[in-house]
Amino acid sequence: MSKKSKNSLINASKNEVWKHDLDSSNFETNDINELTSLLLDSYKTYNGRQFLNDDDLNCLLPSDKIVLERSTLSYLLMRHRWKGNFCSPVKEKLNTSGTTILDIGCGSGLWAIDMGLNHPSSSIIAIDIDPSKFPSKDQCPPNVCFLTCNAIYGIPFPQNTFDFVNISMMWSAFTEAQWILIIKDLVRVLKHNGWIEFTEPDPTLRNGVKNLAWLIECLSNACRDITGVNIHIYEEIPKYIRAMDELEDFNCMHIDYPMGEWYGYFGKYALENLKRTLQSVVFLPKYMKMSNEEFNNLLDDYFKEANEFKISFTVYKYFAKKVSKNVPII
Ligand SMILES: C[S@@+](CC[C@H](N)C(=O)[O-])C[C@H]1O[C@@H](n2cnc3c(N)ncnc32)[C@H](O)[C@@H]1O
């Protein structure tokens, strides 16, 4: 593929959106080869981990199998803990024909698939910047589709399109300024009387073990200094929601997220998941002026110690309803 056509594809993928699955039946082999080549060029390797090759992106976490596994486990633990996939009062609406749902930063896509299976009358669109995590077509119910899209460049749908918008565990993805723009855009695509729901953790350890708490503080400082990301974004989101004129009926719920073997297998896997997250932030050892080996030994020691305490995080859900000042007539 010529450099020019490759560049035009890269630019197209930044500004517009190309569909992952929707129109795949229309693709010729050449198109697929071009897209594959674009995908291959879309990744870079750093410290042995694969990252999306996009300088505009502040996503801290790699795009590889290890992260996919971690994100799958995280989804299952979260669904179990919240006893379901959402808290907004949309249950009835989701079983009405023609209901539309949007999931931002869908990761492994399991939330979208579950929602599609549980609510066959709804249509679900799940977007993520990294298509390598999308499930294969045979894992996907017919009412679910996946789009490759960088949410920072805008949500590529007309206003008043969705009845329900979900955005979950995106603490590592956006700066505060980007959060504000993205929330505005999500409210734009939400229909009158539609609901938007956020799920984000408070990364402060409860029943603190000093060493692990300190490590998480280093993570927070590193994210702020290197990528401008505030990992305590759960504190800001309520302010952003309240600042939006069109959002009403603000709700906040929270749960404990226990970690460590004191809480059985759930706790064991939840702690393991936190360890994998810290291992995935590949710039952290350098920021802490350590070699990778020193950092990994420190992680092993700190997590072994943490497992002896009853530690937990708190995870928050915020949800609110759009009430348009200018209600569309149709
Ligand atoms: C930690 S995962 C969350 C996955 C899922 N929402 C969940 O709750 O388990 C963050 C996801 O956001 C995606 N992401 C990061 N930056 C993004 C952006 N600018 N636009 C769209 N997706 C993005 C990543 O590729 C990743 O799949």
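Values in this document were obtained by computation on a predicted structure and should not be read as measured data.

Trainee: Account for the site of the ligand, naming residues and giving values.
Mentor: The full set close to the ligand counts 18 residues, and Gly105, Gly107, Ala151, Ser168 and Met169 are the nearest of them. Among the elements that line the shell around the ligand, the one with the most residues is helix 3 (residues 65–82), at three residues.

Trainee: I'd like to hear about helix 7 (residues 210–227), residue by residue, with values.
Mentor: Here helix 7 is 18 residues long and its end C-alpha atoms lie 25 Å apart, about the 26 Å a rise of 1.5 Å per residue gives. Taken together, the buried positions of helix 7 are occupied by Leu212, Leu215, Ile216, Leu219, Ala222 and Cys223. The buried residues of helix 7 all sit within an arc of 120° when viewed along its axis, so they share a single face. Residues of helix 7 that are exposed and angled more than 90 degrees away from the buried face: Lys210 and Asp225. Buried positions along helix 7 lie against strand 8 (190–206), helix 9 (264–280), helix 10 (284–287) and helix 11 (292–306). In the stretch just after helix 7, Gly228 is the one whose phi turns positive, near 75°.

Trainee: Lay out the confidence of the model for the protein in plain terms, naming residues and giving numbers.
Mentor: Looking at the protein as a whole, its pLDDT mean stands at 86, while 79% of the residues score no less than 70. Below pLDDT 50 for its whole length, residues 1–34 participates in 31 contacts with residues either more than four positions away or in separate chains.

Trainee: Report on the pairing of strand 7 (residues 162–168), specifying residues and quantitative values.
Mentor: For strand 7, the tally of buried residues reaches seven of seven residues, placing the bulk of the element in the interior. Looking at chain direction, strand 4 (residues 100–104) and strand 7 are connected through four bridges and run parallel. Bridged to Ile104 within strand 7 is Ile167. In this sheet, strand 8 lies alongside strand 7 in parallel orientation, the contact comprising six bridges. Paired with Asn166 across the two strands is Glu197, which belongs to strand 8. Each parallel crossover has a hand, and the one from strand 7 via helix 6 (residues 176–189) to strand 8 is right-handed.

Rules of the game
Residues numbered from 1 in each chain as written. Predicted model: local features only at pLDDT ≥ 70, side-chain atom pairs only at ≥ 80, totals over all residues. Near = placed C-beta within 6 Å. Helix = DSSP H or I, 4+ residues; strand = E, 2+ residues; numbered from the N terminus. Expected span 1.5 Å × (residues − 1). Buried ≥ 20, exposed ≤ 12 C-beta atoms within 10 Å, placed from the backbone. Arc of directions from axis to C-beta. Contact = placed C-beta atoms within 7 Å. pLDDT = per-residue confidence, 0-100. Pairing = 2+ DSSP bridges. Right-handed = clockwise from strand over helix to strand, strands pointing away.

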